[in-house]
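Residue-level structural notes
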Amino acid sequence: MSSLVKEDLEKKLFKPLSQHLYEFIEIEFPAQDRYYLCVSVTKRKEVKIIIVKHYRIGLDEKYEVTKKWSLNDLEMIDGKEADTDNPFFDLHFKKVYRLEAYSCASKYAFARTVNKLNHAYLKKDLQIVNFDVTYINDDSIWSSNNKDCLVLMRICFYAFNLLCLSLCPLPL
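Below or above, wherever it landed, is the structure these notes cover. (Residues numbered from 1 in each chain as written. Predicted model: local features only at pLDDT ≥ 70, side-chain atom pairs only at ≥ 80, totals over all residues. Heavy atoms only, no water.)

Some details on the nonpolar core
Note that soluble globular proteins tend to have their nonpolar side chains buried in a common cluster. Selection criterion: The nonpolar core is taken to be a set of buried Ala, Val, Leu, Ile, Met, Phe, Trp, Tyr and Cys residues, with the residues joined through side-chain atoms within 4.5 Å. Three exposure classes are used, based on accessible area relative to the maximum for each residue type with a 1.4 Å probe and protein chains only: buried under 20%, partly exposed in between, and exposed over 50%. Runs of E in the DSSP output that reach at least two residues are strands. Runs of H or I that reach at least four are helices, and both are numbered from the N terminus. Whether two residues are in contact is decided by their heavy atoms: any pair within 4.5 Å suffices.
Counting residues in each nonpolar core, the largest one holds 28 residues, and the members touching the most others are Leu37, Ile49, Leu74, Phe89, Leu91 and Phe110. Counting residues per element, this core draws most heavily on helix α2 (residues 104-122), at 6 residues. Apart from residues no more than four positions distant in its own chain, Phe110 is found in contact with Ile25, Leu37, Val39, Ile49, Ile77, Phe89 and Leu91. Of all hydrophobic cores here, the second largest spans 11 residues; its members include Leu13, Phe14, Cys38 and Ile50.

Considering the environment of Glu64
Looking at where Glu64 falls in the secondary structure, it is placed in strand β4 (residues 60-70). Measuring from C-alpha to C-alpha, the distance between Glu64 and Leu13 comes to 7.9 Å, with 51 residues separating the pair along the chain. Contacts of Glu64, omitting those with residues within four sequence positions, involve Ile51, Val52, Lys53 and Tyr55.

A look at the side chain of Asp90
With respect to the helices, strands and loops of the structure, Asp90 is situated in strand β6 (residues 88-92). Among all residues touching Asp90, those that are not within four sequence positions of it are Met76, Ile77, Asp78, Lys80, Val96, Tyr97, Arg98 and Leu99.

Looking at the sheet that holds strand β2 (residues 34-42)
Counted only if it meets this: Note: two strands are recorded as paired if DSSP finds a minimum of 2 bridges between them. Between N-to-C directions, angles cover 0 to 180 degrees, with each direction set by a line fitted to C-alpha atoms, over the stretch in contact for helices.
Across the sheet, 4 strands lie side by side as β1-β2-β3-β4; this open sheet has antiparallel pairing. At either end of the open sheet lies a strand with only one pairing partner, and these are β1 (19-27) and β4. Between one strand axis and the next, the sheet turns by 30 degrees as a mean value, whatever way the strands run. The sheet contact formed by strand β3 (residues 47-57) and β4 spans 10 bridges and is antiparallel. When the sheet's bridge partners are listed, Lys48 is paired in β4 with Ser70. The strands that helix α1 (residues 2-14) touches are β1, β2, β3 and β4; relative to β1, the one it contacts most, it runs at about 130 degrees.

So, the sheet that holds strand β7 (residues 96-100)
Ordered in space as β7-β6-β5-β8, the 4 strands form an open sheet in which the pairing is mixed. Of all the strands in the sheet, just β7 and β8 (127-129) have a single pairing partner and so form its edges. Between one strand axis and the next, the sheet turns by 15 degrees as a mean value, whatever way the strands run. Here strand β5 (residues 76-78) pairs with β8 via 3 bridges, running parallel. Within β8, the position partnered with Asp78 by the bridge is Val129.

With respect to the pairing of β6
Burial analysis of β6 places 4 of its 5 residues in the buried class, the great majority of the element. In the sheet, β5 pairs with β6 via 3 bridges, with the strands oriented antiparallel. Residue pairing across strands places Ile77 opposite Leu91, the latter belonging to β6. Inspection of the sheet shows β6 paired to β7 by 5 bridges, in the antiparallel sense. For Asp90, the partnering residue across the bridge sits in β7 and is Arg98. Where β6 hands over to β7, the hairpin turn is made up of 3 residues, counted between the paired strands.

Structure representation (structure tokens):
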């Protein structure tokens, strides 16, 4: 489902703006419509953070930019609490924007993407606080890009333990 939304966002909103959509997450808003927090890159290599409102008129899907910032203006991403799974985080620009992601995983996906694009385009000292750093850094084996590898490692570990237990009976 999200790949279809990403494709639609890219086609109807970002391509006409001459931007490439790198990541989007759904964010909770009190309003009835859906909202997405998007990270895109312009043709001039500027990284943009955009809040998009998604609504329908009849059968037609519509997207409207409601807020737009430059990554250059972002001072900090505050994940609130690194110890607990919660979807809340703050974006610190000149003003602090308190947001709620659809899930904790999507909050981390957003922070990972911003961190990656910051290193690729700006190389500024962007503070990402109150996140588990293990899941933010792209080179970590625990990052979401490697989740298949992680699952496979766990299966192998359990299978190895079962094999050892079956071959080496416990003394009575």
